[in-house]
Amino acid sequence: MARPSLTFIAVAALATLIGAVWFFGYRRTPACSGEGRYMATVQQCRAYGLDAGLCAGAVDKARALVARVAPHTETSFDCEVRFSECFAGPDGRFTPSPSFCLAPGSAEPREVRYLEYDSDRLNRKKTREIRLD
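Residues numbered from 1 in each chain as written. Predicted model: local features only at pLDDT ≥ 70, side-chain atom pairs only at ≥ 80, totals over all residues. Heavy atoms only, no water.

*Asks:* Give a description of the pairing of strand E6 (residues 125-132) that names residues and reports values.
*Replies:* Note that strand E5 (residues 110-119) and E6 share 8 bridges and pair antiparallel. For Ser119, the partnering residue across the bridge sits in E6 and is Lys125. What sits between E5 and E6 in their antiparallel hairpin is a turn of 5 residues, with Asn123 showing a positive phi close to 60 degrees. (Pairing = 2+ DSSP bridges. Helix = DSSP H or I, 4+ residues; strand = E, 2+ residues; numbered from the N terminus.)

*Asks:* Requested: an account of the packing of aromatic side chains, with residues and values cited.
*Replies:* The way to describe two aromatic rings as a pair is by their centre distance and the angle between their planes. Applying the stated criterion across every chain yields a total of 1 aromatic pair. An angle of 75 degrees between the planes, with centres 5.7 Å apart, marks the rings of Phe83 and Tyr114 as edge-to-face. Here Phe83 is found in the loop between helix H4 (76-82) and strand E2 (86-88), whereas its partner Tyr114 is found in strand E5, with 31 residues between them in sequence. Taken individually, Phe83 and Tyr114 each receive the classification buried, so the pair is uniform in this respect. Residue placement shows Arg63 over the ring face of Phe87; its charged tip is 4.6 Å from the ring centre. (Phe/Tyr/Trp six-rings, centres within 6.5 Å; stacked < 30°, edge-to-face > 60°. Buried < 20%, exposed > 50% of the residue type's maximum accessible area, 1.4 Å probe, protein only. Lys NZ or Arg CZ within 6 Å of the ring centre and 35° of its normal.)

What follows is the structure, encoded as structure tokens:
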């Protein structure tokens, strides 16, 4: 049986190393790329030094998007069991609280997401990020 050459082993090891660095590098890339900031509440937005009106408008737009698209629950307890944080919508039903990216000088939230609880094979509670586009 022929043994693999040293050159083949070196190239395979280098390719594996490059692939691992690329995978872990992009997996840990911040959710909000560029100059934007990732936030969920008006207080977090104000902490970045943005105007209160701009912050309130961005949070309201993100909540309106999530209220349109995300699943609703009838009670706060049911919502908190299924999602990490919830808010009461205008119709009285509860919806998951969104987090979003806000770029400087922009009032439009982008990369809107919410967290949903999920279980793995060992029935441990994990959070899963649901992105809305």
